[in-house]
Amino acid sequence: MARNEKEESIHIGLRETITLILPYFQKKLWGQIKAVIWIVLYLALFQLFVLRIPIKEAGLITFGISAVVLGLTFFLEGLLLGLMPLGEALGLRLPQKLGLFSIIVFSVLMGVGATLAEPAISILKACGSKVAPWDAPLLYFLLNEGSHFLYLSIAIGVGVSVVFGMLRFLFGFSLMRILVPTIFILLGVSIYAYFDENLKFISGLAWDSGAVTTGPVTVPLVVALGIGISKVAEKNEQSSAYGVVTLASLFPILSVFLVGMYFSEKLPKPMPEEIFFKQGITSEQAKLLLGDSHGVPLRKKTSLTLTSNPKEFYQKAKDNIVDALQMAMRAILPISIFLLLFLTFIIREKIPYPEEVFLGIGFSVIGLTIFNFGIIFGLNKLGDQVGGKLPSTFRSIELVDSTKFIPNFNPKSVLKAVNEEGKEEKFFYLKERKSYTGIPYHEENWNQKSKIYEYVPIHGPIFGKEDNLLGYLVVLVFAFFLGYSATLAEPALSALGNAVEETTVGTFRKSLLIQSVAIGVGLGTLLGMLKILLEIPLVWIIVPVYLFLLILNTFSKSEFIDIAWDSAGVTTGPITVPLIIAMGLGIGNQMGTVDGFGVLAAASAFPILSVLLMGMIVEKSRKLSLRDSELKEK
């Protein structure tokens, strides 16, 4: 019916707009603060009161964490307004307007684009500087000069996963038909890699890559697309909206292994540092490993530079902001443009609520820029500091970041002492404020030209003698609570909990799922930490755990199997990934472990176990309730 009255547009001023938006923004911001504050407080208090070491650059870290919170607020709101509606619209229209081949092509491209947009994937490159090229050439290559091969392989792995996920929605086959053979292939490849000198060092990276991919961009996009397709598919009796996230975390593992196998033969094998520097590698290998400049990176152990001046700090901060903006634009704009063009020109549909979609894309770019900047100066630094100092609970460690440069040092002030074995040792007294401290003297730390003595403080062991058991136990308890509390901070887990409570009609409560997943991640993080401390090969953990999971699947309902395997994917988001990776590499460096990866892989496996077990308990409880009801009716 035509309307005769004239429609009047409402004009809202800037002040009124801000008044309307501000409470909503405050609510979202407070939600992120509540999610992150506990894990940050836990790390800070542990370092201050258990490790008894002051937090270096505390102001900068606080600023960085604030940026993480603000960035996540903008980023998640941008996803909600921009990319998710596009994913849902495409999911609904694709089966109606395109054939199977076109859906496959679209799924691959969307999976690749979404993965490259993941904020956590950039964390992997930041870890490259912590690996020495002579210890693990292939691992070093994939994290430095060959990082684009790593990213692309992960993205293609997710693209293939999305294809299988969409086919499952369209044809309605069980998740187990893909899951079981994929797991067996991955375990077989991992066992093969264990016996290869180069490949064994990328096992942790490959399995961790599977966890990194399932972040705040890929999960909502893939799930939105899958839900849209499942709504219009005819043969979806055996499939649910779950399961596709699981696949997205498995296929990247295989693709990283395949890329590793290709480059393994082109790169040198691990060798001692001395041989590496004495022409231990060919010029082709040097070019591939270190780039055109052939510049050999030095490990962090050498002298630290003195604190940069404000001008240098400003320039460094400016460069990092520009880098963060470029990374955000490269991540968000290609996938957004691809989805918009596909919807407009291939599907020939109008963009739903275009103003909101474009605003959402803008928010995503702004949010990811702030988030990337905050990760560099906030969570990464804090996780690295705590991880690097964690071994001081059971072993003496060098506090490299607390190195002191003593000017005008006079060797005549050096004294001699006798140790318990009767051997002479040199030392000198250092006056700090009103107290005098005995400092061991090492001739190689004194620079005769500059007359500066470089002193690296030694800390620990805090809980007894060297390698004491109590110190190890403290580290393992710390790892459990780190995994547990970081999981509670993940935004995707709450969304999964709501969906699970709704689809199980309240029998599997949201709080029960969240606690099951958090305990599982805590146990997995504990086991991953044990792997680093005792240098246990990852394959010894992964193979028995996944075989046990497959056995457990045969006793579980398909409904809970899908939820359990997806739970592993959503736990490893923008909070957990940088913290656990930084901590794992930090403690790995202190322990002299070449490969500090693998903690995420273990942390992803145990939530599947805990949720499957909880699902069996819930199902048993449900059956008992039904039986009681039937008996009462009789």
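Treat the numbers as computed from the prediction; the structure is a model and nothing was measured. (Residues numbered from 1 in each chain as written. Predicted model: local features only at pLDDT ≥ 70, side-chain atom pairs only at ≥ 80, totals over all residues. Heavy atoms only, no water.)

### Quick word on the domain arrangement of the protein
Thinking step 1. Per the domain assignment, the segments of the protein are domain 1 (27–291 + 310–393 + 467–627) and domain 2 (404–455).
Thinking step 2. Placing the centre of domain 1 and that of domain 2 at their C-alpha centroids yields a distance of 47 Å. (Domains from an automatic or database assignment.)

### A look at the pairing of strand β5 (residues 435–440)
Looking along a regular strand, one sees side chains alternate from face to face of the sheet.
Thinking step 1. Here strand β4 (residues 424–432) pairs with β5 via 6 bridges, running antiparallel. Bridge pairing in β5 places K431 opposite Y436.
Thinking step 2. What sits between the antiparallel neighbours β4 and β5 is a turn of 2 residues, in which R433 has the positive phi angle 55 degrees. (Pairing = 2+ DSSP bridges. Helix = DSSP H or I, 4+ residues; strand = E, 2+ residues; numbered from the N terminus.)

### Some words on the packing of helix α8 (residues 203–213) against helix α21 (residues 599–633)
Thinking step 1. Running from N to C, α8 and α21 point in directions that differ by 60 degrees, and their axes come no closer than 7 Å. The angle between α8 and α21 falls in the class oblique. Of the two possible hands of crossing, α8 and α21 adopt the one that is left-handed. Between α8 and α21, the contacting residues are W207, D208, A211 and V212 on the first element and V599, L600, A601 and S604 on the second.
Thinking step 2. A class-by-class count of the residues in the contact of α8 with α21 yields 6 nonpolar, 1 polar and 1 charged. (Axes fitted to C-alpha atoms, helices over the stretch in contact; angles between N-to-C directions. Parallel < 35°, antiparallel > 145°, perpendicular 65-115°, else oblique. Left-handed = near helix turned anticlockwise from the far one by under 90°. Contact = heavy atoms within 4.5 Å. Nonpolar A, V, L, I, M, F, W, Y, C, P; charged D, E, K, R; others polar.)

### Overview of helix α12 (residues 283–290)
Thinking step 1. All of the buried residues along α12 are Q285, A286, L289 and L290. For α12, the buried positions fall inside an angular range of 100 degrees around the axis, keeping them on one side.
Thinking step 2. Among the structural elements, α5 (137–143) and α11 (273–277) are those in contact with the buried residues of α12.
Thinking step 3. A positive backbone phi angle near 90 degrees is found at G291, which sits one or two residues after α12. (Buried < 20%, exposed > 50% of the residue type's maximum accessible area, 1.4 Å probe, protein only. Arc of directions from axis to C-beta.)

### Points about the environment of K465
Thinking step 1. Here K465 is to be found in the loop between β8 (458–459) and α15 (469–488).
Thinking step 2. What makes K465 exposed here is its relative accessible area of 71%.
Thinking step 3. Between the C-alpha atoms of K465 and F394, which are 71 residues apart in sequence, the distance is 7.1 Å.

### A look at the nonpolar core
Thinking step 1. Membership of the largest hydrophobic core comes to 171 residues, with the highest contact counts inside it found for L124, W207, L339, Y546 and W565.
Thinking step 2. When near neighbours in sequence (up to four residues on either side) are disregarded, L339 contacts L83, L86, L90, F106, M110 and L221.
Thinking step 3. Core analysis: the second largest hydrophobic core is formed by 10 residues, I406, F409, I439 and Y441 among them. (Core = buried A, V, L, I, M, F, W, Y, C linked by side-chain atoms within 4.5 Å.)

### Quick word on the side chain of S107
Thinking step 1. Relative to the helices and strands, S107 resides in helix α3 (residues 100–116).
Thinking step 2. Within the local environment of S107, its side chain forms a polar contact with the backbone oxygen of I103, the two atoms lying 2.8 Å apart. (Polar contact = N/O pair within 3.5 Å; in protein donor to acceptor, adjacent residues only side chain to side chain.)

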